[in-house]
Amino acid sequence: MNTGNSAVESYWMPFTANRDYKKKPRIIVGAEGHYYHTEDGRKIYDAFSGLWTCGLGHCHPKIVEAVQRQVETLDYAMAFQMGHAKAFELADRVTDLAPDGLDKIFYTNSGSESVDSALKIALAYHRARGEGHRTRLIGRERGYHGVNFGGMSVGGMFPNRKMFGASLLPSVDHLRHTFDLEHNAFTRGQPHWGAHLAEDLERLAMLHDASNIAAVIVEPVPGSAGILPPPVGYLERLREICDQHGILLIFDEVITAFGRLGAPFAAERFGVTPDLITTAKGLTNGVVPMGAVLVKDKIHDALMTGPMQMIELFHGYTYSGHPLACAAGLAALDIYEEEGTFAQVRELESHFEDAIHSLADHPKVTDVRNFGMMGGVDLESRPGEPGMRGLEVHKTCFWEEDIVVRHSADMLQFSPFLNARPEDITMTFAKVRKVLDSID
Ligand SMILES: Cc1ncc(COP(=O)(O)O)c(C=O)c1O
């Protein structure tokens, strides 16, 4: 039996300060375009476009219609040993957008599952080629790769790890992160300092012996851990070192794929092609949960061996390629194309950059970073109360300024709609400044 505020007690909310939230719940009852509708009858502007998910806006009529039509036609098709047409069509459409050579797709239901699938595929690939000794996985400090055991282990956000003690994967190591206020504070776009940090992979290749390393996974632009654009030349150097040592390079593009950086994939934007790409979020515009791992042909083909009647990869999910998700994905891809979303982002991103950097002179702000339609603002923590200032900004924005701003402890994060109106971006930062002025 529940005690307290019984209307909200049962639901244990993810990545939320539950006890604080439940004192005064912020409840959404609807959404349309760039706005949420709240329980108390307000329309509030969503400056985080869902959770990096809904770049095209909420309840886009074309996606809503596609999902409605789908649920009446085919609700579910057995995902193992059977297929339905839209799963194949979506795979073709996504691989058409992907960098050359990434021509195979494995479906999942979330970013976390995409990451763990990619890590498993990397291990299976090496084993299939007779290099089963390649078992070590390399992540990076301040990386976020979801919450399953693989992603948690290669991830580098310490609060997400420490709570689970030693229950992490063995044979994991981490590159240093690239954040350095001394050299990169208030950088617009990619910092020019820091490419040399990619050499950390050489250090780990020496320490563990490269022949034992299966894969390196990085977010091209780390998102949840702070919007840390890669130093110029950094990703290129990681690619070179991986090639030199036969290590697979995985880009975790759960946030950066499908337009957030003004291109279908960050790989294209940065001109660096990894061996695997993990995606989710923008694949369906967040409407139906879905993720996907894009895989180079050579990796897929190495596993297509053994007797014809045998399963080649012992991995998959009941809901892999779910019909509703595929319908939403196909509609989202149509809209990206019809509305020229990726080009739109390229036009909008300098406005966003100017707007977010307008906070740089605020006395409570210690750093501002941005790339594409991703931005972060670090606030000085209140002495003895880490995270409190960020939470107060979030709550004051919601209750008094009618906007949703995400905070991660004392960092504010921004993920504007890919089709945002410039004046709404300007408005967002004017309101955040007002809130920063008004709180302690
Ligand atoms: C880069 C990255 N990888 C993985 C994930 C995990 O995705 P999900 O929450 O869908 O499991 C996220 C979520 O934000 C992410 O940003």
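Residues numbered from 1 in each chain as written. Predicted model: local features only at pLDDT ≥ 70, side-chain atom pairs only at ≥ 80, totals over all residues.

### Remarks on the overall build of the protein
Part 1 of the reasoning: Each helix and strand in the protein was counted, giving 16 helices and 15 strands.
Part 2 of the reasoning: Here the C-alpha atoms of the protein give a radius of gyration of 22 Å, agreeing with the 22 Å that 2.2 N^0.38 yields for 440 residues.
Part 3 of the reasoning: Overall size of the protein, expressed as C-alpha extent along the three principal axes, is 65 × 55 × 50 Å.
Part 4 of the reasoning: In the protein, the proportion of contacts linking residues at least 24 apart, taken out of those at least 6 apart, comes to 71%. (Helix = DSSP H or I, 4+ residues; strand = E, 2+ residues; numbered from the N terminus. Rg over C-alpha atoms; globule rule 2.2 N^0.38 Å. Contact = placed C-beta atoms within 7 Å.)

### Quick look at the domain arrangement of the protein
Part 1 of the reasoning: Structurally, the protein comprises domain 1 (18-56 + 340-438) and domain 2 (64-338).
Part 2 of the reasoning: A straight line from the C-alpha centre of domain 1 to that of domain 2 covers 26 Å.
Part 3 of the reasoning: Across the contact, 28 residues belong to domain 1 and 29 residues belong to domain 2.
Part 4 of the reasoning: Looking at which element gives the most residues to the side of domain 1 that touches domain 2, the answer is helix α14 (residues 341-357), with seven residues.
Part 5 of the reasoning: When its residues are assigned to classes, the side of domain 1 that touches domain 2 shows twelve nonpolar, eleven polar and five charged. (Domains from an automatic or database assignment. Nonpolar A, V, L, I, M, F, W, Y, C, P; charged D, E, K, R; others polar.)

### So, unusual backbone geometry
Part 1 of the reasoning: Phi at Gln-81 takes a positive value of approximately 70°, unusual for a residue other than glycine.
Part 2 of the reasoning: Given 6 C-beta atoms within 10 Å, Gln-81 falls into the exposed group. (Buried ≥ 20, exposed ≤ 12 C-beta atoms within 10 Å, placed from the backbone.)

### Some points on the packing of α14 against helix α16 (residues 422-438)
Part 1 of the reasoning: Between α14 and α16, the least distance of the axes is 9 Å, while the angle of their chain directions is 15°. One finds that α14 runs roughly parallel with respect to α16. The element α14 and its partner α16 pack so that their crossing is right-handed. On α16, the residues that touch Leu-348, His-351, Phe-352, Ala-355 and Ile-356 of α14 are Pro-422, Ile-425, Thr-426 and Phe-429.
Part 2 of the reasoning: In terms of residue class, the contact of α14 with α16 is made up of seven nonpolar, two polar and no charged. (Axes fitted to C-alpha atoms, helices over the stretch in contact; angles between N-to-C directions. Parallel < 35°, antiparallel > 145°, perpendicular 65-115°, else oblique. Left-handed = near helix turned anticlockwise from the far one by under 90°.)

### Some details on the sheet that holds strand β10 (residues 291-296)
Part 1 of the reasoning: Strand order across the open sheet formed by seven strands is β4-β10-β9-β8-β7-β5-β6, with mixed pairing between neighbours. Of all strands in the sheet, those bounded by a partner on one side alone are β4 (102-108) and β6 (172-175). For this sheet the average axis-to-axis angle between neighbouring strands, irrespective of direction, equals 20°.
Part 2 of the reasoning: One ladder, built from six bridges, connects β4 with β10; its direction is antiparallel. Each residue of the ladder has a partner; that of Phe-106, found in β10, is Val-293.
Part 3 of the reasoning: Helix α5 (residues 111-128) contacts β4, β5 (136-140), β7 (213-218), β8 (248-252), β9 (276-279) and β10 of the sheet and is inclined by roughly 25° relative to β10. (Pairing = 2+ DSSP bridges.)

### Focus: the nonpolar core
Part 1 of the reasoning: By size, the foremost hydrophobic cluster in this structure holds 114 residues, and its most contacted members are Ala-122, Ala-215, Val-216, Ile-250, Leu-276 and Ala-328.
Part 2 of the reasoning: Here the element with the most residues in this core is helix α13 (residues 323-338); it accounts for ten residues.
Part 3 of the reasoning: When we break this core down by domain, the ones giving at least three residues each are domain 1 (18-56 + 340-438) and domain 2 (64-338).
Part 4 of the reasoning: Contacts of Leu-276, omitting those with residues within four sequence positions, involve Ala-118, Ile-121, Ala-122, Leu-248, Ile-250, Val-293, Leu-294, Val-295 and Lys-296. (Core = buried A, V, L, I, M, F, W, Y, C linked by C-beta atoms within 7 Å.)

### Focus on the site of the ligand
Part 1 of the reasoning: Among the 14 residues in the neighbourhood of the ligand, the closest are listed as Ser-110, Gly-111, Ser-112, Gly-146 and Val-254.
Part 2 of the reasoning: For the shell around the ligand, the leading source of residues is α5, giving three residues.
Part 3 of the reasoning: Partitioned by chemical class, the residues of the shell around the ligand number five nonpolar, seven polar and two charged. (Near = placed C-beta within 6 Å.)

### Quick word on the pairing of β10
Part 1 of the reasoning: Burial of β10 is extensive: six of the six residues sit out of reach of the surface.
Part 2 of the reasoning: Of the two faces of β10, the one lined by Gly-291, Val-293 and Val-295 and the one lined by Ala-292, Leu-294 and Lys-296 are each fully buried.
Part 3 of the reasoning: Here four bridges tie β9 to β10, and the two strands are oriented antiparallel to one another. Across the sheet, the residue bridging to Ile-277 is Leu-294, located in β10.

### Looking at the sheet that holds strand β3 (residues 43-46)
Part 1 of the reasoning: Ordered in space as β1-β2-β3-β13, the four strands form an open sheet in which the pairing is mixed. Two strands lie at the open edges of the sheet, namely β1 (28-32) and β13 (403-404), each paired on one side alone.
Part 2 of the reasoning: Two strands pair when backbone bridges link them, and strand β2 (residues 35-38) and β3 are joined in this way by three bridges, in the antiparallel orientation. When the sheet's bridge partners are listed, Tyr-36 is paired in β3 with Ile-44.

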